[in-house]
Number of protein chains: 2
Amino acid sequence: MNAPISSPVSSPALTKNQNLVFDVLTRAEAPMSAYTILDKLRDHGFRAPLQVYRALDKLTEFGMVHRLESLNAFVACAHRESECCGAGHGHGTVAFAICESCGHVSEFHDHQVDHRLSDWAKSKGFKPAKTTIEIRGLCEACAA
Amino acid sequence: MNAPISSPVSSPALTKNQNLVFDVLTRAEAPMSAYTILDKLRDHGFRAPLQVYRALDKLTEFGMVHRLESLNAFVACAHRESECCGAGHGHGTVAFAICESCGHVSEFHDHQVDHRLSDWAKSKGFKPAKTTIEIRGLCEACAA
DNA sequence: ATGGCACACGTTATAGCATAACGCAATTGA
DNA sequence: TCAATTGCGTTATGCTATAACGTGTGCCAT
Ligand SMILES: [Zn+2]
Ligand SMILES: [Zn+2]
Ligand SMILES: [Zn+2]
Ligand SMILES: [Zn+2]
């Protein structure tokens, strides 16, 4: 009993560890580092960072979790279904606004930014694989 | 004899350590991690990471060096003088295209992307402090 | 001048993030 | 049945970054 298991919420069926990690991230109000996730899951049998990183790798691959490069941390995807382009998951480039005071993260997508960047790439013969856009600052509530 | 020293190339006068770190980065053809820089400077008396990080902090503050968040590495600023907005240094948001094969980095600026992102921020009441834009992929030469 | 301040520097220790390398177990599909 | 694939668990290690301490120097107001 090791392979994927029925999943209540995801596109591909998730394994037990993947579900646990995803649940923790989904409940979180701010990005979490892999080690913070590990601590949250010690009661569920997690003992080593690799258990977390392996789950995160898969979840990221599925598009259900995003890594915030400027924070070395992870968030559950906050895309609304019925987003403009390509419904469901498998979305393209996305941007994050990260509040440095309360930790809240807003995930959004902007076509024009996307196009502008890929136009630049095309004009330079650059083949993009993954694009990171992260705005650090203060959210409305914290900027008061 | 500890304070800033005449500098051949910079806006603010750099200290000895800052000059050494900046020179290493300027000669490099790819981003360097702090520890790689440290190794390059052992012959010049560097013994500890902090010596590098402190210099990098200042150089970044001066706008002479950029940190690549998705790489945990640093590059010398490649802005042409006579760039569109705000001549000299002290530039605004900048984007990077990073080749995952050869390590080459292109630094560029796009007004429309900038405006688009700050419009989003304004509409949400978000106060941006620092924006990161990094495109990972293959440069023209490596995409062949 | 002299005391206080700001700042760069050097060192040691520690914290935080991520992966290598091993072996085992279960699933899948030739 | 047998190989290939994938997930899992463990131990060890490596890489990235900062805390905390003390030193020396230039500067400036007193
Ligand atoms: Zn998403
Ligand atoms: Zn906030
Ligand atoms: Zn620059
Ligand atoms: Zn290349």
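Here helix α1 (residues 16-27) of chain A is twelve residues long and its end C-alpha atoms lie 17 Å apart, about the 16 Å a rise of 1.5 Å per residue gives. At its buried positions, α1(A) is contacted by α2 (34-40), α3 (49-61), β1 (65-68) and β2 (73-76) of chain A.

Residue and element names in this part refer to chain A. Around the zinc ion (ligand 1), the donor atoms from the protein are H66 (NE2), C77 (SG) and E107 (OE), and they sit 1.9 to 2.2 Å away. Counting along the primary sequence, the residues that act as donors to the zinc ion (ligand 1) give the motif H-x10-C-x29-E. Of this pair, C77 sits in the loop between β2 and β3 (95-99) while E107 sits in strand β4 (residues 105-108), and the two are 30 residues apart along the sequence. Here C77 falls in the buried class, since its relative accessible area comes to 17%.

A word on the sheet that holds strand β3 (residues 95-99) of chain B. With mixed pairing, the six strands of this open sheet are ordered in space as β4(A)-β3(A)-β5(A)-β5(B)-β3(B)-β4(B). With one partner strand each, in any of the chains shown, β4 of chain A together with β4 (105-108) of chain B form the two edges of the open sheet. Each adjacent strand pair in this sheet contributes to an overall mean axis angle of 20 degrees, direction not counted. Relative to strand β5 (residues 127-138) of chain B, β3(B) runs parallel, the two sharing five bridges. Considered in β5(B), the bridge of B:A97 is made with B:I135. Lying over the sheet, helix α4 (residues 111-124) of chain A contacts β5 (127-138) of chain A together with β3, β4 and β5 of chain B, oriented at roughly 135 degrees with respect to β5(A). Each of β3, β4 and β5 of chain A together with β5 of chain B touches helix α4 (residues 111-124) of chain B; the most contacted strand, β5(B), lies at about 135 degrees to it.

A few words now on the domain arrangement of chain A. All names here are of chain A. Domain annotation of chain A identifies domain 1 (10-77) and domain 2 (92-144). Here the C-alpha centre of domain 2 lies 21 Å away from the C-alpha centre of domain 1. Each partner contributes residues to the interface: domain 1 has twelve residues there, and domain 2 has eleven residues. For the pairing of domain 1 and domain 2, the buried interface totals around 800 Å² over both sides, and the portion due to carbon and sulfur atoms is 56%. Considering only the surface of domain 1 that becomes buried against domain 2, L68, E69 and S70 emerge as the three largest contributors, covering 43% of it.

To continue, consider a nonpolar patch on the surface. Residue and element names in this part refer to chain A. A cluster of nonpolar residues, Y35, L50 and Y53, forms a patch on the protein surface that exposes about 310 Å² of accessible area. Its location among the elements puts L50 in helix α3. On the basis of relative accessibility, which here comes to 48%, the residue L50 falls in the partly exposed class.

The immediate surroundings of DNA strand D are formed by 16 residues, with A:Q51, A:R54, B:Y35, B:L50 and B:R67 found nearest. A share of 51% of the atoms of DNA strand D within 4 Å of the protein falls on sugar and phosphate groups. A distance of 2.2 Å separates a base nitrogen of DNA strand D from a polar atom in the side chain of A:R54. Measuring from a phosphate oxygen of DNA strand D, one finds a side-chain N or O atom of B:Y53 at 2.9 Å. Contributions of two or more residues to the surface near DNA strand D are made by α3 of chain A together with α3 (49-61) of chain B.

Here is what the cut-offs are and how they apply
- Residues numbered from 1 in each chain as written.
- Chains lettered and ligands numbered in written order.
- Predicted model: local features only at pLDDT ≥ 70, side-chain atom pairs only at ≥ 80, totals over all residues.
- Heavy atoms only, no water.
- Helix = DSSP H or I, 4+ residues; strand = E, 2+ residues; numbered from the N terminus.
- Expected span 1.5 Å × (residues − 1).
- Contact = heavy atoms within 4.5 Å.
- Donors = N, O, S within 2.8 Å, 3.2 Å for Na, K, Ca; no water.
- Buried < 20%, exposed > 50% of the residue type's maximum accessible area, 1.4 Å probe, protein only.
- Pairing = 2+ DSSP bridges.
- Axes fitted to C-alpha atoms, helices over the stretch in contact; angles between N-to-C directions.
- Domains from an automatic or database assignment.
- Buried area = accessible area lost by both parts, 1.4 Å probe.
- Patch = residues over 30% accessible without salt bridge, like charges linked within 9 Å, V, L, I, M, F, W, Y side chains within 5 Å.
- Areas by Shrake-Rupley, 256 points an atom, 1.4 Å probe, with all protein chains shown as cover.
- Salt bridge = Lys/Arg side-chain N within 4 Å of Asp/Glu carboxyl O.
- Near = heavy atom within 4 Å.
- Polar contact = N/O pair within 3.5 Å; in protein donor to acceptor, adjacent residues only side chain to side chain.

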